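Here's the letter readout for the chains.
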There are 2 protein chains.
Amino acid sequence: MISGKFAITIHILTLLHKFPNDYLSSEFIAGSINLNPVLVRKEIANLKAHHIVESKEGKNGGTKLAVNAAELTLKQIFEMTFETIGLGFAKNQPNPDCPVGKNINQHLENLYSEMNQKVSLQLEGISLEDFSNQF
Amino acid sequence: MISGKFAITIHILTLLHKFPNDYLSSEFIAGSINLNPVLVRKEIANLKAHHIVESKEGKNGGTKLAVNAAELTLKQIFEMTFETIGLGFAKNQPNPDCPVGKNINQHLENLYSEMNQKVSLQLEGISLEDFSNQF
DNA sequence: AAATTTGTAACATATTTTATTACAGTATGA
DNA sequence: TCATACTGTAATAAAATATGTTACAAATTT
């Protein structure tokens with residue numbers, strides 16, 4: 001659910017990092033992303049579950065970063081958004097009576113797993129602070 | 001169109017490599033992938049446009065590999081299936097009046113571009129023959 | 001000529017993603 | 001204490017994308 005999850009999440013976190021002293025409302029954040037506030041709150045719910053942010057309900061409520069941006073890596077964000085690098089699988093179960101069909105998904109998984117390792121290594125080297133400081 | 005494009009294409013090519021002397025019908029290939037033959041023909045059309053395979057119409061027609069499997073890399077297949085590694089973008093144009101919204105897509109593109117380089121390097125080192133010989 | 005296959009278009013269905021509406025619960029502050 | 005402005009979440013709707021089906025002309029073989 002939500003395919004631009006990573007992009008949206010990093011956008012949210014960048015905003016929170018830019019306003020470290022404020023509780024930002026989902027409406028404000030949604031205005032920057034140009035996205036429905038409910039979807040912003042859903043992504044924030046995910047961040048909260050990972051203790052990356054904290055929110056305050058009620059008037060003047062909102063959300064605030066709860067971790068050190070220098071210590072939060074893009075890899076962690078990547079993993080929190082349930083993303084996996086890969087080039088996809090065919091939708092249907094391939095034919096188990098065909099030697100190729102029987103094994104293709106396993107071989108693709110192996111390939112994609114290597115890709116993930118490479119990408120993870122890269123993302124591990126970039127912190128939210130690094131990313132945010134580009135702006 | 002077709003999201004398992006890469007997986008389907010490499011499945012097709014692996015089959016063609018396994019039967020180098022036959023023209024395989026879209027129906028036969030579809031039976032291994034468990035996919036509609038029309039969709040197989042669509043992917044084959046893409047491969048034909050890149051001169052990777054040749055087909056023969058009419059009775060006993062079908063498709064056959066037209067290149068050396070040792071010289072066709074997964075990177076080429078990746079590119080032919082129009083895939084790009086990345087973690088996606090938010091669907092809507094972000095707010096251009098917000099310093100973060102204004103620039104986030106550019107920064108994401110830069111990040112994804114690096115990811116592509118890393119992944120391409122990996123895929124460049126694997127030929128269709130390598131992949132197929134695992135089976 | 002009959003049979004079989006590609007190529008392609010048009011349309012239908014399914015799945016996934018995004019958007020909207022609604023409203024209960026919570027904190028703020030006038 | 002009451003109006004206001006938020007979060008949290010569910011339910012539903014709409015839009016976008018992916019996959020599947022049907023149909024049939026054109027090509028080739030036997």
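About the criteria used
- Here the residue index of a chain counts from 1 through its sequence in written order.
- Chain A is the first chain written and ligand 1 is the first ligand written, with later ones labelled in order.
- At least 70 in pLDDT is required for a residue's local features to be given in this predicted model, at least 80 for side-chain atom pairs to be given and counted, and no such filter applies to totals for whole chains, interfaces and linings, which use all residues.
- Remark: hydrogens and water are excluded; side-chain values derive from all non-hydrogen atoms of the structure.
- What counts as a helix is a DSSP run of H or I of at least four residues, what counts as a strand is a run of E of at least two, and both are numbered from the N terminus.
- Computation of the radius of gyration draws on C-alpha atoms, with the globule rule given as 2.2 Å multiplied by the number of residues to the power 0.38.
- Per-residue accessibility, obtained with a 1.4 Å probe over protein chains only, is compared with the maximum for each type, and a residue is labelled buried under 20%, exposed over 50%, and partly exposed between these values.
- Residue contacts are defined here by distance: any two heavy atoms, one from each residue, within 4.5 Å place the two residues in contact.
- Where accessible areas are quoted, they stem from the Shrake-Rupley method and a 1.4 Å probe; at the residue level, only the protein chains shown are allowed to cover.
- Residues counted as positive are Lys and Arg, residues counted as negative are Asp and Glu, and His and the chain ends are not counted.
- By convention, charge coordinates are those of NZ in Lys, CZ in Arg, CG in Asp, or CD in Glu.
- Proximity is defined per residue: any heavy atom of the residue falling within 4 Å of a molecule or strand makes that residue near it.
- In the analysis that follows, any N or O atom pair within 3.5 Å is treated as a polar contact, provided that within protein one partner can donate a hydrogen and the other can accept it, and provided that, for residues neighboring in sequence, both atoms belong to side chains.
- Residues are grouped as follows: nonpolar covers Ala, Val, Leu, Ile, Met, Phe, Trp, Tyr, Cys and Pro; charged covers Asp, Glu, Lys and Arg; every other residue, Gly included, is treated as polar.
- The copies are overlaid by a least-squares fit using only the C-alpha atoms of residues whose pLDDT is at least 70 in both copies.
- Grouping buried Ala, Val, Leu, Ile, Met, Phe, Trp, Tyr and Cys residues that are joined through side-chain atoms within 4.5 Å yields what is termed a nonpolar core.
- Convention adopted: a line fitted to C-alpha atoms gives each axis, helices being fitted over their contacting stretch, and angles between N-to-C directions are expressed from 0 to 180 degrees.
- For classification purposes, angles smaller than 35 degrees are called roughly parallel, those larger than 145 roughly antiparallel, those between 65 and 115 roughly perpendicular, and all remaining angles oblique.
- When the near helix sits turned anticlockwise from the far one by under a right angle, the crossing is termed left-handed; a clockwise turn instead gives a right-handed crossing.

A.B. asks: Mind laying out the overall build of chain A, listing which residues take part and the relevant values?
C.D. replies: In terms of helices and strands, chain A carries six helices and two strands. Listed N to C, the secondary structure of chain A is α-α-α-β-β-α-α-α in terms of helices and strands. By the compact-globule yardstick of 14 Å for 135 residues, chain A is too spread out, its C-alpha radius of gyration being 18 Å. Here the C-alpha coordinates of chain A stretch approximately 60 × 30 × 25 Å along the principal axes. When the 135 residues of chain A are sorted by exposure, 47% land in the buried category. Across chain A, every contact between residues at least 6 apart in sequence was considered, and the portion connecting residues at least 24 apart equals 66%. By element, 48% of the accessible surface of chain A is carried by carbon and sulfur atoms, the whole surface being about 6800 Å². Across chain A, the mean location of the 12 positive side-chain charges is 7 Å away from that of the 14 negative side-chain charges.

A.B. asks: Hey, could you go over the environment of A:Ser25 for me, with residue numbers and the actual values?
C.D. replies: Tracing the chain through its elements places A:Ser25 in the loop between helix H1 (5-18) and helix H2 (26-33). Residues within four places of A:Ser25 in sequence aside, it is in contact with A:Gly61 and A:Gly62.

A.B. asks: Describe the protein's contact with DNA strand C, with residues and values.
C.D. replies: Surrounding DNA strand C, one finds 29 residues, the nearest of these being A:Ser3, A:Asn36, B:Ser26, B:Lys48 and B:Asn92. Backbone sugar and phosphate groups make up 65% of those atoms of DNA strand C lying within 4 Å of the protein. At 3.2 Å from a phosphate oxygen of DNA strand C is found a side-chain nitrogen or oxygen belonging to A:Asn36. Interatomic distance of 3.3 Å between a backbone N/O atom of B:Gly58 and a base oxygen of DNA strand C. Listed by contribution, the elements that provide at least two residues to the surface near DNA strand C are helix H3 (37-49) of chain A together with helix H3 (37-49) and strand S1 (53-56) of chain B. Classifying every residue of the surface near DNA strand C by side-chain character gives seven nonpolar, 13 polar and nine charged.

A.B. asks: So what about the protein's contact with DNA strand D? Which residues, and what values?
C.D. replies: Taken together, 28 residues sit near DNA strand D, with A:Ser26, A:Lys48, A:Asn92, B:Ile2 and B:Ser3 positioned nearest. Of what DNA strand D places within 4 Å of the protein, 65% of the atoms are sugar or phosphate. Within the side chain of B:Glu57, an N or O atom sits 2.9 Å from a sugar or linking oxygen of DNA strand D. When contributions to the surface near DNA strand D are tallied by element, the ones reaching two or more residues are H3 and strand S1 (53-56) of chain A together with H3 of chain B. When grouped by side-chain class, the residues that make up the surface near DNA strand D number seven nonpolar, 12 polar and nine charged.

A.B. asks: Describe the relation of the copies chain A and chain B, and please don't skip the residues or the numbers.
C.D. replies: Under the fitted operation, chain A is carried onto chain B by 0.0 Å of movement along the axis and a turn of 180°, and the coordinates agree to an RMSD of 0.0 Å. When the rotation and shift are considered jointly, the pair of chain copies conforms to a two-fold rotation axis.

A.B. asks: A description of the nonpolar core should follow, citing residues and the corresponding values.
C.D. replies: Of all hydrophobic cores here, the largest spans 80 residues; its most connected members are A:Leu13 and B:Leu13. In this view, A:Leu13 contacts A:Leu47, A:Ile52, A:Val53, A:Leu65, A:Leu72, A:Ile77 and A:Leu128; residues no more than four positions away in its chain are not counted.

A.B. asks: Could you give an account of the packing of H1(A) against H2(A), naming the residues involved and the relevant values?
C.D. replies: Between two packed helices, both the angle of their axes relative to each other and the distance between the axes serve to describe the pair. All names here are of chain A. Running from N to C, H1 and H2 cross one another at 120°; their axes reach a closest spacing of 10 Å. Considered as vectors, H1 and H2 are oriented oblique to each other. In terms of crossing hand, the pair formed by H1 and H2 is right-handed. Taking contact as the criterion, the partners of Ile8, His11, Ile12, Leu15 and Leu16 in H1 are, on H2, Ile29, Ser32 and Ile33.

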